[in-house]
Amino acid sequence: MKNSIKISFSAILTAISVIIMLLGGLIGTLDLTAAALASFCIVFAVIEFGYKYAALIYAAASLLGFLLLPAKTCVLFYAAFLGFYPIVKSIAEKYSTKIAYIIKYAVYAVSYTVIILLWIGLFAKETEPVLLVAVILPISGAIVLPIYDIALSKLITLYLQSLRGKWGIDKYLK
């Protein structure tokens, strides 16, 4: 596959990621959902182009999101965890299931620590409950992580088995 095609598709995926995060920021309750949806662009890149292009799309979408989007919460969740999770998932699942989940939870713990520190440093006001951000949300996130992981696996399977051929993208990626 030509590099120009990879670069073009990467630019499109970056733009789609930023647009999804913009929509999530416009509707405040969809921050996490939009960040998770935007991460599917990274899934597509990992499958079709490999880790290098996926990492570049993640970095570009995160940077553009922070620079251009008015609501930063969605971008923060994307940049701190959900955006690069498909890359981590792909690498971790080369190992046994137990090792894969240990890797995924370790990355989650480090990422959520970054989210907490950034949230408190950038967004928290003196009146905001730090307990909610520092204790309750990480625990609920740790409970939701396997659900997100399974849902992402199902979407990957759906893409590989059904959508990949129907979308006709494969003719451009050869």
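## Brief notes about the side chain of Ser-62
Working step 1: The topology assignment puts Ser-62 in helix α3 (residues 51–68).
Working step 2: Here Ser-62 is in contact with Val-75, Tyr-78 and Ala-79, once residues within four sequence places are set aside.

## Observations regarding the nonpolar core
When a protein is soluble and globular, its nonpolar side chains tend to lie buried together.
Working step 1: Ranked by size, the top nonpolar core spans 43 residues in total, and within it Leu-13, Met-21, Ile-42, Phe-49, Tyr-78, Phe-81 and Ile-115 carry the most contacts.
Working step 2: Those elements that provide at least two residues to this core are α1 (3–26), α2 (31–48), α3, α4 (73–82), α5 (85–92), α6 (97–123) and α7 (130–166).
Working step 3: In this structure Tyr-78 touches Ser-17, Met-21, Ala-35, Ala-38, Ser-39, Ile-42, Ile-57, Tyr-58, Ala-61, Ser-62, Gly-83 and Phe-84, once residues within four positions along its chain are discounted.

## What about the confidence of the model for the protein chain?
Working step 1: Summarising the model, the protein chain shows a mean pLDDT of 86, and 88% of its residues fall at 70 or more.
Working step 2: Mean pLDDT values for the elements of the protein chain range from 81 in α7 up to 96 in α3.

## So, the pattern of salt bridges
Pairing is possible between side chains that carry opposite charge, provided their charged atoms lie close to one another.
Working step 1: Taken as a whole and assessed by the stated rule, the structure comprises 4 salt bridges.
Working step 2: Between Lys-89 and Asp-149 there is a salt bridge, with its nearest N and O atoms 2.9 Å apart. Of this pair, Lys-89 sits in helix α5 while Asp-149 sits in helix α7; the two residues are 60 residues apart in sequence, bridging distant segments of the chain. In this pair, the class of Lys-89 matches that of Asp-149, namely buried.
Working step 3: Here Lys-104 and Asp-149 are joined by a salt bridge, their closest N and O atoms 3.0 Å apart. Of the two residues, Lys-104 is situated in helix α6 and Asp-149 in helix α7; the sequence distance between them amounts to 45 residues.
Working step 4: On the accessibility criterion, Lys-104 (1% relative accessible area) is buried.
Working step 5: Residue class for Asp-149 comes out buried when judged on its relative accessible area of 3%.
Working step 6: A network of salt bridges, in which partner residues are shared, links Lys-89, Glu-93, Lys-104 and Asp-149.

## Observations regarding the layout of surface pockets
Working step 1: One number sums up the size of the largest pocket: a volume of about 550 Å³.
Working step 2: When contributions to the lining of the largest pocket are tallied by element, the ones reaching two or more residues are α2, α4, α6 and α7.
Working step 3: Partitioning the lining of the largest pocket into residue classes produces 15 nonpolar, 7 polar and 1 charged.

## Focus on the packing of aromatic side chains
Describing an aromatic ring pair means giving the distance of the ring centres and the angle of the ring planes.
Working step 1: One pass over the structure, following the stated rule, counts 12 aromatic pairs.
Working step 2: Look at Tyr-58 and Tyr-78: their rings are 6.0 Å apart centre to centre, the planes differ by 40 degrees, and that puts the pair in the tilted class. In this pair, Tyr-58 is assigned in helix α3 and Tyr-78 in helix α4, connecting sequence segments 20 residues apart. This pair shows no difference in class: Tyr-58 is buried, exactly as Tyr-78 is.
Working step 3: Seen from their ring centres, Phe-81 and Tyr-108 are 5.5 Å apart, and the 80 degrees between their planes marks the pair as edge-to-face. Here Phe-81, found in helix α4, pairs with Tyr-108, found in helix α6; they are 27 residues apart in sequence, far enough to count as distant.
Working step 4: Since its relative accessible area comes to 9%, Tyr-108 is described here as buried.

## Side note on the side chain of Ser-17
Working step 1: By the secondary structure assignment, Ser-17 is in helix α1.
Working step 2: Side-chain polar atoms of Ser-17 contact the backbone oxygen of Ala-38, separated by 3.5 Å.
Working step 3: Each residue touching Ser-17, except ones within four places of it in the same chain, is listed here: Ala-38, Cys-41, Ala-61 and Tyr-78.

## Focus on the packing of α1 against α3
Working step 1: Two numbers describe how α1 lies on α3: the axes approach to 9 Å, and their chain directions differ by 40 degrees. Regarding the angle of α1 to α3, the classification is oblique. For the crossing formed where α1 meets α3, the hand is right-handed. Taking contact as the criterion, the partners of Asn-3, Lys-6, Ile-7, Ser-10, Leu-13, Thr-14, Ser-17, Val-18 and Met-21 in α1 are, on α3, Tyr-53, Ile-57, Ala-60, Ala-61, Leu-64 and Gly-65.

Calculation criteria
Residues numbered from 1 in each chain as written. Predicted model: local features only at pLDDT ≥ 70, side-chain atom pairs only at ≥ 80, totals over all residues. Heavy atoms only, no water. Helix = DSSP H or I, 4+ residues; strand = E, 2+ residues; numbered from the N terminus. Contact = heavy atoms within 4.5 Å. Core = buried A, V, L, I, M, F, W, Y, C linked by side-chain atoms within 4.5 Å. Buried < 20%, exposed > 50% of the residue type's maximum accessible area, 1.4 Å probe, protein only. pLDDT = per-residue confidence, 0-100. Salt bridge = Lys/Arg side-chain N within 4 Å of Asp/Glu carboxyl O. 1 Å grid on protein atoms, 1.4 Å probe; cavity = no way out; pocket = protein on both sides within 12 Å on 5 of 7 lines; lining within 4 Å. Points joined across faces, edges and corners; volume = space filled by probe spheres on them. Nonpolar A, V, L, I, M, F, W, Y, C, P; charged D, E, K, R; others polar. Phe/Tyr/Trp six-rings, centres within 6.5 Å; stacked < 30°, edge-to-face > 60°. Polar contact = N/O pair within 3.5 Å; in protein donor to acceptor, adjacent residues only side chain to side chain. Axes fitted to C-alpha atoms, helices over the stretch in contact; angles between N-to-C directions. Parallel < 35°, antiparallel > 145°, perpendicular 65-115°, else oblique. Left-handed = near helix turned anticlockwise from the far one by under 90°.

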